[in-house]
Amino acid sequence: MNPVAAVGVVGGVLGAGAYALAVLDGAAARGVAGMPRRWADVVVEPARDAALLALTRRSTTERPDAQAWALAPGLLAAMAGAAVASVPLAEGFAVADVADGIVLFGAAMAVVMVGVYLHGWSANSPFPLVGGYRFIALALSYEMPLALVLIAAALPAESLSVGAIVASQAGSWNVVRQPLGLPLYLVAGMGLAFWGPLDGADGADLAGGTAAEVSGPARLAWELARRFVLVAVALMGAAVFLGGWHGPVLPGAVWMALKTLALLALTVAIGHRVARVRLERFVVVAWAVLIPLALVDVFVSGALAL
Amino acid sequence: MSRSLAVDVAFVLFAGGAVVAAWLVFRTDSMVRAAYWLLASFLGVGAVMVLLHARFLGLVLVLMMAGEMTIMAVFMVMFMMNPAGLNPMTMVHQHGSAKVAGLVSFAGLALVGIVAEFPDRPRTSDADPTAELGVELLGDSMLIFETAGVTLLATMIGSIAVASKRGRFGDAEEGSGPPPLEPTARPAPEPEPAMEDHDHEGMHHG
Amino acid sequence: MTLQSLLVVSAALFGIGVYGALSQQTFVMIMMGLELMLNGAMLAAVALWAMSTAGAPKGQLLTVIVMTVMAVEAALGFALVIGIYRIRKADMTEKLKRLRG
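Residues numbered from 1 in each chain as written. Chains lettered and ligands numbered in written order. Predicted model: local features only at pLDDT ≥ 70, side-chain atom pairs only at ≥ 80, totals over all residues. Heavy atoms only, no water.

Asker: What should I look at first to understand the interface of chain B and chain A in this one?
Answerer: Where interface size is quoted, it is often the accessible area lost as the parts come together. The interface is formed by 22 residues belonging to chain B together with 22 residues belonging to chain A. Surface buried jointly by chain B and chain A totals about 1800 Å² across both partners, of which 74% is contributed by carbon and sulfur atoms. Here chain B and chain A share 2 salt bridges between them. For the salt bridge of A:Asp65 with B:Arg33, the shortest nitrogen-to-oxygen distance reads 2.4 Å. Linking chain B with chain A are 4 residue pairs in polar contact (both at pLDDT 80 or more), by the criterion used here. Sorting the residues of the side of chain B that touches chain A by element identifies helix H2 (31-51) and helix H3 (55-79) of chain B as the ones contributing at least two each. (Contact = heavy atoms within 4.5 Å. Buried area = accessible area lost by both parts, 1.4 Å probe. Salt bridge = Lys/Arg side-chain N within 4 Å of Asp/Glu carboxyl O. Polar contact = N/O pair within 3.5 Å; in protein donor to acceptor, adjacent residues only side chain to side chain. Helix = DSSP H or I, 4+ residues; strand = E, 2+ residues; numbered from the N terminus.)

Given below as structure tokens:
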């Protein structure tokens, strides 16, 4: 594919997904608060907020690591883009159907950890730094379950390519064949985008965590990049666990979009309904419960795939 | 732009970037930056591996090193006196001879690389290199692969044993003291018997 | 991208790693030098696999083994740094003139 077109497709998917995520989030917030949902307002609000952020003056701290600070959102966005590129958006159409797509996703999501830590560290300020450390503890806990459930999903397909994994779900989707996969993946995915109950890195209890000292256009870039990561996670989840383009009547691309939106809506609902989890408790749960469950998932899927 | 030219341009960018980043690891004052320059060097090498069709290995290298370098950065901040790099800092010894050793090993290896006659047998098969690696790991070389796995398991157990705070006879730092002023002095006083320790603690906390 | 150029790049990475491992005083920085040396070795292995062995799978296996060595080096290195810091409060080689515990 032409490189310009490829960047356009990836950017379009990420941008549309992030906007849809913001709209869903606004609607859910109004629902939780008992405010009337006027859809015209709900749809326009993210654009208004983004414009406000873009026009706000940028603040700075004493002697930040300016390059690393600017690099962090770019790193997140680039890694989300790399993940999106390897996912087939419709039957036979992926921006780059890499033969090792699952490994590419894992590598990209590992670099996200670097981006978040850099964002917290480079501000040269205590709260962001604590947020960065929190994210490392979180990331080291969710990374093993994430890798294991993806490996389990690759087993029936006998391939590491996302396209082959989607193709292998023609009969029944992985969410049915591997009931442990999607819940574990969603927990790890919420950790990846530090979203909902796992938003310790940027949580309100840390005055905004790694983003505490960021305002103006840089804040906009960061919030966008973080949503891009969640969109990439949802897209990959839709492809790997919800059967991707498979579905009756409607064309494959529409199914893909619907499934991604469903996962985003589920994430948003969890984010508004479940309280923030204390990190030290999550670490214990991740190592003592999630990793064994993910191993069970791998073993059962492997036995079934034989 | 033809494919081979594009590969050459990408190779120069990634390989050059890897070498420059490797050099900057030892030229920066900030610990976190040093760790992440090293990561950048690994990213460059991983990209060159992908260019050489070793896609799986290149991606796994990135996956592994992103985590490892973050841990390294955390360690640096934990243990070093000047973590953020606010002051210029050089912490080196035997600088001259280290430079000579580095240059000599570079020159020697590069000479071997340039002069030696390696067989010119480029990879020709169209088979998926990842599949080849998988068959090799679980086929002829399974014993080697399993040895690596057992080595990693032994490493995990050993490093937890070395690093854990709780030892069989109490806390690991029990009996440790502040660093001695004289390099030849005894580094730590002998640990007191455990029974007395309990009494001390009772008095302090009571 | 020729075999020669790849081997020169890997030699450069190895040379910088040797310099770092010998010149740095902090344990973690020494580990960085060691990792750079392994990085160069790995690049050379992959280069020879792709260009000189007609893609024999054993070449990739060698790289997997080097990665294992890296993981072992990192895990044991960090564990020893913690252990030494706990007992001696030392993070630099100069504070460890005595090896007796």
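Asker: Mind showing me how you'd approach helix H6 (residues 142-163) of chain B here?
Answerer: Working note: α-helix, 3.6 residues per turn, so residues spaced by three or four point in the same direction. For H6(B), with 22 residues, the first-to-last C-alpha span of 31 Å sits near the 32 Å given by 1.5 Å per residue. Inspection of H6(B) places B:Ala148, B:Thr155, B:Ser159 and B:Ala163 among the buried residues, and these make up the whole buried set. Relative to the axis of H6(B), the buried residues are bounded by an arc of 30° and lie together on one face. Of the residues in H6(B), the exposed ones pointing more than 90 degrees away from the buried face are B:Leu143, B:Val150, B:Ile157, B:Ile160 and B:Ala161. Looking at the buried positions of H6(B), the neighbouring elements they touch are helix H3 (57-88) of chain C. (Expected span 1.5 Å × (residues − 1). Buried < 20%, exposed > 50% of the residue type's maximum accessible area, 1.4 Å probe, protein only. Arc of directions from axis to C-beta.)

Asker: Would you mind going over the pattern of salt bridges with me for this structure?
Answerer: Once their charged atoms are close, side chains differing in charge can pair, the charge on each being opposite to the other. Within the structure shown, the criterion is met by 13 salt bridges over all chains. Residue A:Glu223 is joined to A:Arg219 by a salt bridge in which the shortest nitrogen-to-oxygen separation is 2.9 Å. Taken as a pair, A:Glu223 and A:Arg219 lie in helix H9 (residues 217-240) at a separation of 4 residues, close to a single helical turn. In this structure, B:Arg55 and B:Asp128 form a salt bridge, with 3.0 Å as the shortest nitrogen-oxygen distance. Remark: B:Asp128 occurs in the loop between helix H4 (95-115) and helix H5 (129-137) and B:Arg55 occurs in helix H3; sequence separation between them is 73 residues. Among the charged side chains, a network of salt bridges with common partners joins A:Arg134, A:Asp199, A:Asp205 and A:Arg276.

Purely geometric stuff here, so don't read any function into it on its own.
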